[in-house]
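Now for the letters of each chain:
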Amino acid sequence: MASSSLDPFRPAFAEPSWDDLRIFLAVVAHGSMNSAAKALGQSQPTIARRIKALEETLGLTLFQRGPNNLELTEAGQAVLDAASPMGDAATIVSRMAAAYRPDPDAPVRITATASVTLFLSLYAAELHEAAAPVEIAYIPTRRRLDLASGEADIGLRMRNLAEGTDDLVARKVGQIAFAMYARTDNPTAVIAPPEDPTLSRQAAYVAEFAQGRTIAARIGDMPIRYQAAKAGLGAAFLPCWLGDSDPDLIQITKPEGDLIEDVFLVMHRRSRNRPNVARVANALAALFKKNKKALIGA
């Protein structure tokens, strides 16, 4: 006969605590209880005790314990799949809370592509003076960091990410041009990006330029692509401010049309009201204005 939920002989399992699930996620992420203990600032016996308590609460064995490692059981993998979004959400909540109670001494975080971040690095001293006494943290990535949840304070992007939202504000601060550069004026080899040409205008442009030429390498990281072109590997797609400034490189194509992209400074309305962020944003706008000709390859 099936047992009733009121059956006193039926095992009763309580809901797991978030703290125990957090420890479980840390053990999985770090690969061992000892490493998780160090990451969480707790003792290894405490971590082991909390994992055992979680297993008892759930009525499941989460790990198969080997002599030197832990492996998730099938049930443990299922719990991981269910708990991971909770861990991600907790991280977002923590970051969001920090964004609403900003530390006046916290670094101003700027996210931009590698080419734009490399350009900013040339003027890091000027930007440092504008931000002083706080620091600037540079985050070079093509991924769109979430400004609303506080992943970054300022985004410099080739597209106006504020369109269609009430929370983000953007202003065009300038343009940046790109062209093909090589050591010779008739290169026989090309350094191509790894992206599918159908998914990127730049990749499509390089693919068209490469017709009849050898693909010497595929390099996605722009600074490495620049160094490879400078070493004579082949023609590379580079920002004009960088290619034009290098006497070892020759501009093979002219920047025009889609090769000249607008640059937008994007912020969340909340960040815009922070004095430190506003000072850095104004310094960035002034920097792009001052270097307008170099950025567009004029």
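**Examining the overall build of the protein**
The helix and strand inventory of the protein stands at 12 helices and 11 strands. Within the protein, the proportion of its 298 residues that are buried is 40%. In the protein, the share of contacts with a sequence separation of at least 24, taken over all contacts with a separation of at least 6, comes to 72%. Carbon together with sulfur atoms contributes 53% to the accessible area of the protein, which is approximately 16400 Å² in total.

**A word on the nonpolar core**
Leu120, Ile154, Leu156, Leu284 and Phe288 are the most contacted members of the largest nonpolar core, which totals 55 residues. Residue contributions to this core peak at nine residues, all from strand E6 (residues 168-182). Here Phe288 is in contact with Val116, Phe119, Leu120, Leu156, Val173, Val263 and Leu295, once residues within four sequence places are set aside.

**A look at the packing of helix H1 (residues 18-30) against helix H3 (residues 44-58)**
Relative to each other, H1 and H3 sit at 115 degrees, their axes nearing to 9 Å. Our classification of the angle between H1 and H3 gives roughly perpendicular. Every pair of crossing elements has a handedness; the one defined by H1 and H3 is left-handed. Contact with H1, carried on its side by Asp20, Leu21, Ile23, Phe24 and Val27, involves Ile47, Arg50, Ile51, Ala53 and Leu54 of H3 and no other residues of that element. Looking at the contact of H1 with H3 residue by residue, the classes come out as eight nonpolar, no polar and two charged.

**Re the packing of aromatic side chains**
This model, assessed by the stated rule, comprises six aromatic pairs. Chaining the aromatic ring pairs together yields one cluster made of Phe119, Tyr123, Trp241 and Phe288. The ring of Phe209 has Arg213 sitting right over it, with the charged end atom 4.1 Å from the ring centre.

**Looking at the side chain of Asp20**
Structurally, Asp20 can be placed in helix H1. A relative accessible area of 4% means that Asp20 is categorised as buried. Not counting residues up to four positions away in its chain, the partners in contact with Asp20 are Arg50, Ala53 and Leu54.

**Re the environment of Ser271**
With respect to the helices and strands, Ser271 occurs in helix H10 (residues 269-272). Its relative accessible area of 5% is what places Ser271 among the buried residues. When the C-alpha atoms of Ser271 and Ala152 are compared, they prove to be 9.3 Å apart, with 119 residues separating the residues in sequence. Discounting chain neighbours no more than four positions away, the residues touching Ser271 are Asp153 and Val277.

**Some remarks on helix H8 (residues 222-230)**
Of all the residues in H8, the buried ones are Met222, Arg225, Tyr226, Ala228 and Ala229. Seen along its axis, H8 keeps its buried residues to an arc of 165 degrees; they face one direction. As for H8, its buried residues are in contact with helix H5 (114-121), E6, strand E7 (189-192), strand E9 (235-239) and helix H9 (240-243). One or two residues past the end of H8 sits Gly232, with phi positive at roughly 95 degrees.

**Section: the packing of helix H2 (residues 33-40) against H3**
Any two packed helices are characterised by the angle at which their axes cross and by the distance between the axes. With their axes 8 Å apart at the nearest point, H2 and H3 run at an angle of 110 degrees to one another. Considering their axes alone, H2 and H3 lie roughly perpendicular with respect to each other. Crossing geometry of H2 relative to H3 is assigned as right-handed. Contact residues: H2 offers Met33, Asn34, Ala37 and Leu40, while H3 offers Gln44, Ile47, Ala48 and Ile51. Of the residues belonging to the contact of H2 with H3, the class tally is six nonpolar, two polar and no charged.

The rules behind each value
- Residues numbered from 1 in each chain as written.
- Predicted model: local features only at pLDDT ≥ 70, side-chain atom pairs only at ≥ 80, totals over all residues.
- Heavy atoms only, no water.
- Helix = DSSP H or I, 4+ residues; strand = E, 2+ residues; numbered from the N terminus.
- Buried < 20%, exposed > 50% of the residue type's maximum accessible area, 1.4 Å probe, protein only.
- Contact = heavy atoms within 4.5 Å.
- Areas by Shrake-Rupley, 256 points an atom, 1.4 Å probe, with all protein chains shown as cover.
- Core = buried A, V, L, I, M, F, W, Y, C linked by side-chain atoms within 4.5 Å.
- Axes fitted to C-alpha atoms, helices over the stretch in contact; angles between N-to-C directions.
- Parallel < 35°, antiparallel > 145°, perpendicular 65-115°, else oblique.
- Left-handed = near helix turned anticlockwise from the far one by under 90°.
- Nonpolar A, V, L, I, M, F, W, Y, C, P; charged D, E, K, R; others polar.
- Phe/Tyr/Trp six-rings, centres within 6.5 Å; stacked < 30°, edge-to-face > 60°.
- Lys NZ or Arg CZ within 6 Å of the ring centre and 35° of its normal.
- Arc of directions from axis to C-beta.

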